[in-house]
Amino acid sequence: IWIMIKRKIFFLFFSFCAVFSATILHGEPSAPLRVWEGVKMPGKTTEPKDYSKVKRPPSRISVKDAVLTFFKADSDAPGGCVLICPGGGYVALWSVKGEGSRIAEFFNSKGISAAVLEYRVPDNFDGALMDAQRAIRLIRSKAKEWNIDPDKIAVMGFSAGASLAARASTNFKKPSYEPIDSIDEISARPDCTILIYPAYCSQPEKDRRLSKDYKKPSEDYSERYAIADWNVVDKDTPPAFITQTQFDPYGDAAVAYYLALKKENIPAELYLLSEGKHGYMDKDVFEILSKWLKKKGY
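Residues numbered from 1 in each chain as written. Predicted model: local features only at pLDDT ≥ 70, side-chain atom pairs only at ≥ 80, totals over all residues. Heavy atoms only, no water.

A. Representation of the pairing of strand 8 (residues 268-273). Two elements, strand 7 (residues 240-245) and strand 8, share six bridges in a ladder whose sense is parallel. Bridge assignment links alanine 240 to a residue of strand 8, and that residue is alanine 268. (Pairing = 2+ DSSP bridges. Helix = DSSP H or I, 4+ residues; strand = E, 2+ residues; numbered from the N terminus.)

B. Broad picture of the environment of cysteine 81. Mapped onto the elements, cysteine 81 comes out in strand 3 (residues 79-85). We classify cysteine 81 as buried; its relative accessible area is 0%. In contact with cysteine 81, not counting residues within four places along its chain, are Phe70, Ser113, Ala114, Ala115, Ile139, Ile148, Lys152, Ile153, Ala154 and Tyr298. (Buried < 20%, exposed > 50% of the residue type's maximum accessible area, 1.4 Å probe, protein only. Contact = heavy atoms within 4.5 Å.)

C. Looking closely at unusual backbone geometry. Along the chain, valine 121 connects to proline 122 via a cis peptide bond; the corresponding omega equals 5°. Along the chain, the position of proline 122 falls in the loop between strand 4 (113-118) and helix 3 (125-141). For tyrosine 90, which is not glycine, the phi dihedral falls at a positive 65°. The topology assignment puts tyrosine 90 in the loop between strand 3 and helix 2 (97-109). For asparagine 265, which is not glycine, the phi dihedral falls at a positive 60°. Summarising the element assignment, asparagine 265 is placed in the loop between helix 8 (252-263) and strand 8.

D. Local environment of the packing of helix 2 against helix 9 (residues 283-295). The geometry of helix 2 relative to helix 9 is characterised by a closest axis approach of 11 Å and an angle of 55° between their N-to-C directions. When the axes of helix 2 and helix 9 are compared, the pair comes out oblique. Considering the relative orientation of helix 2 and helix 9, their crossing is right-handed. Contact residues: helix 2 offers Ile103, Phe106 and Phe107, while helix 9 offers Phe286, Glu287, Leu289, Ser290 and Leu293. Broken down by class, the residue content of the contact of helix 2 with helix 9 amounts to six nonpolar, one polar and one charged. (Axes fitted to C-alpha atoms, helices over the stretch in contact; angles between N-to-C directions. Parallel < 35°, antiparallel > 145°, perpendicular 65-115°, else oblique. Left-handed = near helix turned anticlockwise from the far one by under 90°. Nonpolar A, V, L, I, M, F, W, Y, C, P; charged D, E, K, R; others polar.)

E. Local environment of the sheet that holds strand 8. Read across the sheet, eight strands follow the order 1-2-4-3-5-6-7-8 without closing on themselves; strand pairing throughout is mixed. Of all the strands in the sheet, the pair left with one neighbour each is strand 1 (33-34) and strand 8. Here four bridges tie strand 3 to strand 4, and the two strands are oriented parallel to one another. Across the sheet, the residue bridging to valine 82 is alanine 114, located in strand 4.

F. Geometry of the packing of aromatic side chains. The tally for this structure, following the rule as stated, stands at 12 aromatic pairs. Between tyrosine 200 and tyrosine 250, the aromatic rings sit 5.7 Å apart at their centres with planes inclined by 80°, giving edge-to-face as the arrangement. With tyrosine 200 in the loop between strand 6 (192-196) and helix 6 (203-210) and tyrosine 250 in the loop between strand 7 and helix 8, this residue pair connects regions lying 50 residues apart in the sequence. With respect to burial, tyrosine 200 and tyrosine 250 carry one shared label: buried. Arranged with centres 5.5 Å apart and planes meeting at 55°, the rings of phenylalanine 241 and tryptophan 292 form a pair that is tilted. Of this pair, phenylalanine 241 sits in strand 7 while tryptophan 292 sits in helix 9, and the two are 51 residues apart along the sequence. As far as the burial class goes, phenylalanine 241 and tryptophan 292 line up, both buried. Within the aromatic cluster, the residues linked to one another by ring pairs are Tyr90, Phe125, Tyr200, Trp230 and Tyr250. Above the plane of the ring of tryptophan 230 lies arginine 167, whose end atom (NZ or CZ) is 4.7 Å from the centre. (Phe/Tyr/Trp six-rings, centres within 6.5 Å; stacked < 30°, edge-to-face > 60°. Lys NZ or Arg CZ within 6 Å of the ring centre and 35° of its normal.)

G. Layout of helix 3. Over its 17 residues, helix 3 extends 25 Å from the first C-alpha to the last, a length consistent with the 24 Å expected when each residue adds 1.5 Å. With 15 of its 17 residues buried, helix 3 lies for the most part within the structure. (Expected span 1.5 Å × (residues − 1).)

H. Representation of the side chain of threonine 46 within the structure. Structurally, the position occupied by threonine 46 is in the loop between strand 1 and strand 2 (67-71). A polar contact of 2.8 Å, which involves the side chain of threonine 46, links it to the backbone oxygen of valine 63. A polar contact is formed between the side chain of threonine 46 and the backbone oxygen of valine 121, at a distance of 2.8 Å. Residue contacts for threonine 46: discarding those within four places in its chain leaves Ser62, Val63, Lys64, Arg120, Val121, Pro122 and Asn124. (Polar contact = N/O pair within 3.5 Å; in protein donor to acceptor, adjacent residues only side chain to side chain.)

I. Expanded view of the nonpolar core. Membership of the largest hydrophobic core comes to 83 residues, with the highest contact counts inside it found for Leu68, Ile84, Phe107, Leu117, Met156, Ile194 and Leu293. When residues in this core are grouped by element, the largest group, nine residues, is from helix 3. If sequence neighbours within four positions are ignored, methionine 156 has contacts with Val82, Leu83, Ile84, Cys85, Ile103, Phe107, Ala165, Ile194, Ile196, Phe286 and Leu289. (Core = buried A, V, L, I, M, F, W, Y, C linked by side-chain atoms within 4.5 Å.)

Next comes the structure, spelled out in structure tokens:
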């Protein structure tokens, strides 16, 4: 496990140096905003795991109360906003900076606002989805204040954060918690989805994550690439941009999600890279992503 963790850190560090070394921060981020400020947070809180023996612990081991940090783009006209969900296997947030603030700064350099969500971990699948749905609503509620277009809200995630982004994009018709206030009257549907080396989007991957008695699936492609049952893909699912490397051990996630969208005739772009493993980012793909968002009015 530690070898895999070190390998991921290496790929992240190397990739960020290549992709974001020239990034210019256009404005200071906002002070962290509690997602459940002034209301009783639904669901359960979380307790931290023991990372005392890990030489390089995650940047956030435990999040008991979700927070949102907004990065405003330098723009006169209202523009789009990308909600960013860092990864960490749902057991931690491994790099809030590498998979969060630096990504937000990159979008800012392209004239796109962004917000980084620190959702509840560890092992709080329901709480994480509640946090994501509330964050989308919260961003829309602040559209005028933050100078963003409420009809141009994307959700983006890395690894388990991409799993969360996919769940937010496929479960907006079924609220994960009972409405609390006027913010919960606002739509939680993202306008598009961005999945970067996603995990747990296929049914076998979901089963592997949740079950100790997991059995390797057969080579039957209909089973291997079946969409996870917690992703309810239909004609109203948002369009998506997906990227993953060919040899990523979670590589089936990207293909499974793409095929589910294709079946419903949902526009999607899938970029499979021949180099790198889980945690690898490609500069050219991020440039394509920014152009994709601009074509969609972001």
